[in-house]
Amino acid sequence: MNDLPVCNYEGSDYQTSFWDRGGRAYEDAVEAVALRRLLPVGGKRLLELGAGAGRNTPRYRGFEQIVLLDFSRSQLQQARQRLGDTGPDGVSLRYIAADIYRLPFVDGLFDAATMIRTLHHMVEPRAALSQVRRVLQSNAVFILEFANKRNLKAILRYALRLQRWNPFLPEPVEFAPLNFDFHPSTIRTWLRVTGFSVERQLTVSHFRMGLLKRLVPLALLVKMDALAQLTGDMWQLSPSVFVRAQARPGGQTIGEAVAGEGFLLCPACGRSPLPDTPPELVCPACGKRYPVADGIYD
């Protein structure tokens, strides 16, 4: 695949400026509610795509291993500083700096995956979703969050001619460089053609308005949103939508023998498994070298 543009958060203080100090307590809390409703009770390996600084990682309970993947090394460094290599319930944490369009894992490795606030940076969402399906086992759970172009605010602005793009058309809209909103039916179509079945939808962040967040107590606003989320299978009119999908049969589940040899794949040539030999991994097929530093595989 040709190189595609990537929204790179390298060197960003996104966790601090946007989440910790950016007045996003409401958004964080309602996303936690949605994840509690959609996450499986546990499993062997979960892949967190676009993990960033690990904001959501502690919410993935009951897994033996969580793999945090992000394009930015500095985001993963922040995550490792906050979380370490072992979670509070003994879960093993691994950190991988990689490109979602070329996931460095053998086929059928994970029994669960999440992609929260990440798809909206994808120029080729279908290509990214195809890669996710490749590394998932059959019947694995995939939780996807996407930015919804057909939200009430956009519909109102379009009706009042305050915006030019039509929220009802199926194609994505790039409202800022490498920032896309998607139509819910388009997302469902992409999931279907890449090998997923949609099980449940939740609408999230219904009250994402500065005035409401200032006037209404946080606990009450979260309870209101938690109730409104349950309309997600009927309509999707909120700015954020969470989808629980299942990987349809057809994927591969790796054997324990293969897993023991290493579960990484060379993203340059596709050779698998890639020998896991920190502080440097060398592909025996193409000679490509991948450093491992500060606990992060690059």
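Note: the structure precedes this text.
A brief report on the enclosed structure follows. Source: prediction; values computed, not measured.

### Thoughts on the overall build of the protein chain
(1) Moving on: Regarding its fold elements, the protein chain presents nine helices and twelve strands.
(2) Moving on: A compact globule built from 298 residues would reach a C-alpha radius of gyration of about 19 Å, and the protein chain, at 19 Å, matches this within 12%.
(3) Moving on: Across its three principal directions, the C-alpha atoms of the protein chain cover 60 × 35 × 35 Å.
(4) Moving on: The long-range share in the protein chain, meaning contacts at least 24 apart out of those at least 6 apart in sequence, stands at 70%.
(5) Moving on: Surface accessibility of the protein chain: about 13800 Å² in total, with carbon and sulfur atoms responsible for 54%.
(6) Moving on: Across the protein chain, the centroid of the 36 positively charged side chains sits 7 Å from that of the 29 negatively charged ones.

### Some points on a nonpolar patch on the surface
(1) Moving on: Together, Leu156, Leu160 and Leu162 make up a nonpolar patch on the protein surface, roughly 320 Å² of accessible area in all.
(2) Moving on: Note on placement: leucine 160 falls in the loop between helix H5 (152–159) and strand E6 (173–176).
(3) Moving on: Among the residues examined, leucine 160 registers a relative accessible area of 53% and is labelled exposed.

### A few points about the pairing of strand E1 (residues 43–49)
(1) Moving on: Summarising burial for E1: five of the seven residues are buried, a large majority.
(2) Moving on: Pairing of E1 with strand E2 (residues 63–70) involves six bridges; the strand directions are parallel. Across the sheet, glycine 43 pairs through a bridge with phenylalanine 63, a residue of E2.

### Looking at the packing of aromatic side chains
(1) Moving on: Enumeration over the complete set of coordinates arrives at eight aromatic pairs.
(2) Moving on: Seen in terms of ring centroids, phenylalanine 105 and phenylalanine 263 are 6.2 Å apart; in terms of plane orientation they differ by 45°. Their pairing is tilted. Here phenylalanine 105, found in the loop between strand E3 (92–97) and strand E4 (110–115), pairs with phenylalanine 263, found in the loop between helix H9 (256–261) and strand E10 (280–282); they are 158 residues apart in sequence, far enough to count as distant.
(3) Moving on: You can call phenylalanine 263 buried: its relative accessible area is 6%.

### Remarks on the sheet that holds E2
(1) Moving on: Ordered in space as E8-E9-E5-E4-E1-E2-E3-E12-E11-E10, the ten strands form an open sheet in which the pairing is mixed. Looking at strand neighbours, the two that pair on one side only are strand E8 (196–204) and E10, the edges of this open sheet.

Rules of the game
- Residues numbered from 1 in each chain as written.
- Predicted model: local features only at pLDDT ≥ 70, side-chain atom pairs only at ≥ 80, totals over all residues.
- Heavy atoms only, no water.
- Helix = DSSP H or I, 4+ residues; strand = E, 2+ residues; numbered from the N terminus.
- Rg over C-alpha atoms; globule rule 2.2 N^0.38 Å.
- Contact = heavy atoms within 4.5 Å.
- Areas by Shrake-Rupley, 256 points an atom, 1.4 Å probe, with all protein chains shown as cover.
- Lys, Arg positive; Asp, Glu negative; His and termini not counted.
- Charge placed at Lys NZ, Arg CZ, Asp CG, Glu CD.
- Patch = residues over 30% accessible without salt bridge, like charges linked within 9 Å, V, L, I, M, F, W, Y side chains within 5 Å.
- Salt bridge = Lys/Arg side-chain N within 4 Å of Asp/Glu carboxyl O.
- Buried < 20%, exposed > 50% of the residue type's maximum accessible area, 1.4 Å probe, protein only.
- Pairing = 2+ DSSP bridges.
- Phe/Tyr/Trp six-rings, centres within 6.5 Å; stacked < 30°, edge-to-face > 60°.

Function cannot be read off these values alone, since they describe shape.
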